[in-house]
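# Commentary on secondary and tertiary structure
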Amino acid sequence: SSRPRRSQAYRQCVSVGLASAELSPRCVLRQQAGWNRCSWALHGDDGLFYHGSGHGMQFFSMLPMHGIEATHAMTSPTFGAGDVVGCGITYLRH
């Protein structure tokens, strides 16, 4: 058969992010985090940041980095099942 197996047709994606209280249960069950206006997420498969659509943008850390960390900060971080990742908020005052 020329049809791809399910494991080939659908890539698994681990995502970590935040959501507002307005996020509907339907969105939680049917969409990746970040694909709607009520959530923000970093996707592990491509290392892109998502908010409000299925089109990601390059992630930039706001943490100061030096040496080898600074070199890796210019690339999008990827992660998957078994990796330890975290998410936080930096509140900026204007």
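Note that the coordinates shown come from a computational prediction; the quantities given were computed from them, not determined experimentally. (Residues numbered from 1 in each chain as written. Predicted model: local features only at pLDDT ≥ 70, side-chain atom pairs only at ≥ 80, totals over all residues. Heavy atoms only, no water.)

Turning our eyes to something else, we now look at the overall build of the protein. Helices and strands together make up the secondary structure of the protein, namely three helices and four strands. Along the protein, helices (α) and strands (β) appear in the sequence α-β-α-β-β-β-α when read from the amino end. Relative to its full complement of 94 residues, the protein shows a buried share of 13%. Looking at the protein alone, contacts between residues at least 24 apart form 40% of all its contacts between residues at least 6 apart. Carbon together with sulfur atoms contributes 56% to the accessible area of the protein, which is approximately 7800 Å² in total. (Helix = DSSP H or I, 4+ residues; strand = E, 2+ residues; numbered from the N terminus. Buried < 20%, exposed > 50% of the residue type's maximum accessible area, 1.4 Å probe, protein only. Contact = heavy atoms within 4.5 Å. Areas by Shrake-Rupley, 256 points an atom, 1.4 Å probe, with all protein chains shown as cover.)

A surface patch of nonpolar side chains, amounting to about 450 Å² of accessible area, comprises Leu18, Trp40, Ile89 and Tyr91. Take Ile89: it is sitting in the segment after α3 (68-73). (Patch = residues over 30% accessible without salt bridge, like charges linked within 9 Å, V, L, I, M, F, W, Y side chains within 5 Å. Salt bridge = Lys/Arg side-chain N within 4 Å of Asp/Glu carboxyl O.)

Burial runs high along strand β2 (residues 39-43): four of the five residues are buried. Both strand β1 (residues 15-19) and β2 contribute to a ladder of five bridges, which runs antiparallel. By the bridge assignment for β2, Val16 is matched with Leu42. Across three bridges, β2 lies against strand β3 (residues 48-51) in antiparallel orientation. Directly across from Leu42, in β3, lies its bridge partner Phe49. What sits between the antiparallel neighbours β2 and β3 is a turn of four residues, in which Gly47 has the positive phi angle 70°. (Pairing = 2+ DSSP bridges.)

A few words now on the side chain of His43. Along the chain, His43 falls in strand β2. A relative accessible area of 2% means that His43 is categorised as buried. Within the structure, the side chain of His43 is placed 2.7 Å from the backbone oxygen of Ala33, a separation counted as a polar contact. Once residues within four sequence positions are removed from consideration, His43 is found in contact with Cys13, Val14, Ser15, Gln32, Ala33, Trp35, Leu48, Tyr50, Pro77 and Phe79. (Polar contact = N/O pair within 3.5 Å; in protein donor to acceptor, adjacent residues only side chain to side chain.)

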